[in-house]
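Observations on the three-dimensional arrangement
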Amino acid sequence: MGGWLQGRTALITGGGSGLGAAIAERFVAEGAQVAILDKSDEKIAEIAERSKGAITGVAGDVRHLGDNQQAVGYAVDKFGKLDIFIGNAAIWDYNAKLIDLPEENIAAAFDELFAVNVKGYLLGAKAAQKELVRAKGCMIFTVSNAGFYVDGGGPLYTASKHAVVGLIKQLAFECAPHVRVNGVAPGAISTDLRGPAALGLAEMSIANVPLGQALKGTLPLSDLPTSQDYTGAYVLFASKENIPMATGAVLNCDGGFGVRGLSSASAGEDLPQRLGLAIK
Ligand SMILES: NC(=O)c1ccc[n+]([C@@H]2O[C@H](COP(=O)([O-])OP(=O)(O)OC[C@H]3O[C@@H](n4cnc5c(N)ncnc54)[C@H](O)[C@@H]3O)[C@@H](O)[C@H]2O)c1
């Protein structure tokens, strides 16, 4: 079967569930060989079984350089090279506002969330850099609408995703002309996204948050997307053929967060009716 990523090899952090798993499966469908790094043995086993062994990985914590190095080594041993590194593992603060962050835990919560969301990406980049330069490859990082706008998280998550945008730009500068570095900024998705243990949110899952209801009337494209809906953006950045000149770019796929109106989220609801079209 053909595909945009024939012959390419990829390592995806947080590839055991949600968006990372969807990217892994899409990359395989596009012809890539894919390895994942995830802290959950169980999730790695699940995706390996679901993909009939096409997607395998290493259990480890993105907060440790050694675990990232081990994952890069695993991919290179298995595939002979590494073309694409995707930093994606993260946790969310469940919109905890400054006023609600407890004095006794605020510092620990910051350290924990930034360690996964920002340090994890930095250490992944460090571990993968040499192999990516060798392969003339690329890095892609998962951002969020919270990388640009408020209220997609509280101050911890919003600051961490803004930091990721800065990281992408700096790494794009430092790695050019050998490695392209870009980001994808998704909006809300019903996944297994967890929160910091320091806030007692380690067992919370965003799957239990009624996101569909929250989005209705809030975003111009108000449907709740699936993880699969975002994977094309990663294929685009990963395929040299389609977007060879993009580096330091972040593709917003956030349902139009930045183009909301003042009087309503979108102004086109009644277009079919006004144009005499029998569609909804
Ligand atoms: N779900 C959303 O609404 C949403 C919206 C915008 C952006 N995002 C971003 O999408 C990305 C993926 O999140 P998701 O929603 O698919 O969540 P998810 O929890 O389903 O997937 C994240 C994966 O990362 C793994 N992980 C977490 N901490 C880790 C660590 N320290 N070391 C190694 N692995 C670790 C988890 O085990 C999990 O498999 C994140 O960067 C998140 O910020 C999510």
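Whatever comes next refers back to the structure up there.
In what follows, the accompanying structure is described. Along every chain, residues carry numbers that run from 1 in the direction the sequence is written. Predicted model: local features are reported for residues with pLDDT of at least 70 only, side-chain atom pairs are reported and counted for 80 or more only, and whole-chain, interface and lining totals are derived from all residues. For side-chain calculations, the full set of non-hydrogen atoms in the structure is used, while hydrogens and water are omitted.

**Overview of the packing of helix H4 (residues 106-135) against helix H5 (residues 155-175)**
Definition in use: Here, axes are lines fitted to C-alpha atoms. For helices the fit covers the stretch in contact, and angles between N-to-C directions go from 0 to 180 degrees. Put simply, DSSP marks the helices as runs of H or I at least four residues long and the strands as runs of E at least two long, and each gets a number from the N terminus on. An angle counts as roughly parallel when it lies under 35 degrees, as roughly antiparallel when it exceeds 145, as roughly perpendicular when it falls between 65 and 115, and as oblique in every other case. Helix crossings get a hand from a simple test, with the near helix turned counterclockwise from the far one by less than a right angle marking a left-handed crossing and a clockwise turn marking a right-handed one. By definition in these notes, contact holds between two residues if any of their heavy atoms fall within 4.5 Å. Residues are grouped as follows: Ala, Val, Leu, Ile, Met, Phe, Trp, Tyr, Cys and Pro are nonpolar; Asp, Glu, Lys and Arg are charged; every other residue, Gly included, is polar.
With their axes 10 Å apart at the nearest point, H4 and H5 run at an angle of 15 degrees to one another. Taken together, the axes of H4 and H5 lie roughly parallel to each other. Taken as a pair, H4 and H5 cross one another with a handedness that is right-handed. Seen from H4, the contacting residues are Ala-109, Phe-110, Leu-113, Phe-114, Asn-117, Val-118, Tyr-121, Leu-122, Ala-125 and Gln-129; seen from H5, they are Leu-156, Tyr-157, Ala-159, Ser-160, Lys-161, Ala-163, Val-164, Leu-167, Leu-171 and Cys-175. Of the residues that constitute the contact of H4 with H5, the class distribution is 16 nonpolar, three polar and one charged.

**Quick word on the nonpolar core**
Nonpolar side chains tend toward joint burial in soluble globular proteins. Note the cut-off: By nonpolar core we mean a set of buried residues, namely Ala, Val, Leu, Ile, Met, Phe, Trp, Tyr and Cys, connected to one another through side-chain atoms within 4.5 Å. When a residue's accessible area, from a 1.4 Å probe over protein chains only, is under 20% of the maximum for its type it is buried; when over 50% it is exposed; and in between it is partly exposed.
Counting residues in hydrophobic clusters, the biggest one holds 41 residues, and the most contacted among them are Leu-82, Met-139, Phe-141 and Val-181. Put simply, the parts of the chain that give this core at least two residues each are strand S2 (33-38), helix H3 (65-79), H4, strand S5 (138-142), H5 and strand S6 (180-186). Per element, the largest residue contribution to this core is 10 residues, and it comes from H4. If sequence neighbours within four positions are ignored, Leu-82 has contacts with Thr-9, Ala-10, Leu-11, Val-72, Ala-75, Val-76, Ala-128, Glu-131, Leu-132 and Ala-135.

**Re the packing of aromatic side chains**
Under the convention used in this document: Pairs were defined over the aromatic rings of Phe, Tyr and Trp, the Trp ring being its six-membered one, requiring ring centres within 6.5 Å. Orientation was assigned from the angle between planes: stacked under 30 degrees, edge-to-face over 60, tilted for the rest.
Throughout the structure, instances matching the rule amount to six aromatic pairs. Between Tyr-121 and Phe-141, the ring centres sit 5.2 Å apart and the planes meet at 35 degrees, which makes this aromatic pair tilted. With a gap of 20 residues between them, Tyr-121 in helix H4 and Phe-141 in strand S5 connect regions that are remote in the sequence. Judged on exposure class, the residue Tyr-121 and its partner Phe-141 are both buried. Ring plane angle 45 degrees and centroid distance 6.3 Å describe the contact between Phe-148 and Tyr-149, whose orientation is recorded as tilted. Residue classification places Tyr-149 among the partly exposed residues on the basis of a relative accessible area of 27%. An aromatic cluster of three or more residues is present, and its members are Phe-85, Tyr-121 and Phe-141.

**Re a nonpolar patch on the surface**
As a reminder, the rule being used: Here a patch means residues that are over 30% exposed by relative accessible area and free of salt bridges, tied together within 9 Å if like-charged and within 5 Å if nonpolar (Val, Leu, Ile, Met, Phe, Trp, Tyr). All accessible areas in this document rest on Shrake-Rupley with a 1.4 Å probe, and a residue is counted as covered only by the protein chains that are shown. Within this document, salt bridges are pairs made up of a side-chain nitrogen of Lys or Arg and a carboxyl oxygen of Asp or Glu, the two lying within 4 Å of each other.
Nonpolar side chains collect at one region of the surface, where Leu-271, Leu-275, Leu-277 and Ile-279 lie side by side and expose about 410 Å² of accessible area between them. Tracing the chain through its elements places Leu-277 in the segment after helix H8 (271-274).

**A look at the layout of surface pockets**
Where we set the bar: Here a cavity denotes grid points, spaced 1 Å and computed from the protein atoms alone, that fit a 1.4 Å probe unable to get out, and a pocket denotes an open set having protein on both sides within 12 Å along at least 5 of 7 lines; residues with an atom within 4 Å of a point are the lining. Grid points are joined across faces, edges and corners, and a volume is the space filled by probe spheres set on the points.
By volume, the second largest pocket is sized at about 170 Å³. If you go around the second largest pocket, the residues you meet are Lys-136, Gly-137, Ala-176, Pro-177, His-178, Val-179, Arg-180, Lys-240, Pro-244, Met-245 and Thr-247. Its residues placed into classes, the lining of the second largest pocket shows five nonpolar, three polar and three charged.

**Some points on the environment of Ala-90**
Take Ala-90: it is sitting in the loop between strand S4 (84-87) and H4. Along the chain, Ala-90 and Asp-77 lie 13 residues apart, while their C-alpha atoms are 26 Å from each other. Apart from the residues within four sequence positions on either side, Ala-90 is in contact with Val-116, Asn-117, Lys-161 and Leu-193.

**Topic: H3**
Note the following rule: Expected helix span is given by 1.5 Å per residue-to-residue step, counting one fewer step than there are residues.
An ideal rise of 1.5 Å per residue puts 21 Å on 15 residues; H3 measures up with 21 Å between its terminal C-alpha atoms. Turning to H3, its buried residues number three or more, namely Asp-67, Asn-68, Ala-71, Val-72, Ala-75, Val-76 and Phe-79. On its buried side, H3 packs onto strand S1 (9-13), S2, strand S3 (55-59) and H4. Gly-80 sits one or two positions beyond H3 and adopts a positive phi of about 90 degrees.

**Points about the site of the ligand**
Spelled out, the test is: A molecule or strand has a residue near it when one of that residue's heavy atoms lies within 4 Å. Any pair of N or O atoms that falls within 3.5 Å is considered a polar contact. Within protein, one atom must be able to donate a hydrogen and the other to accept it, and sequence-neighbouring residues count only if both atoms are side-chain atoms.
The environment of the ligand is made up of 30 residues, and the closest members are Ser-17, Asp-38, Asn-88, Tyr-157 and Thr-191. Val-62 places a polar main-chain atom, nitrogen or oxygen, 3.0 Å from a nitrogen atom of the ligand. Between the ligand and Leu-193 there is a distance of 3.3 Å, counted from an oxygen atom to a backbone nitrogen or oxygen. Protein chains shield 97% of the accessible area of the ligand, which is 820 Å² for the free molecule. Of all the elements in the fold, those that place two or more residues in the shell around the ligand are helix H1 (18-29), H4 and H5. Residue composition of the shell around the ligand, by class: 13 nonpolar, 10 polar and seven charged.

Function cannot be inferred from these measures alone, as they are strictly geometric.
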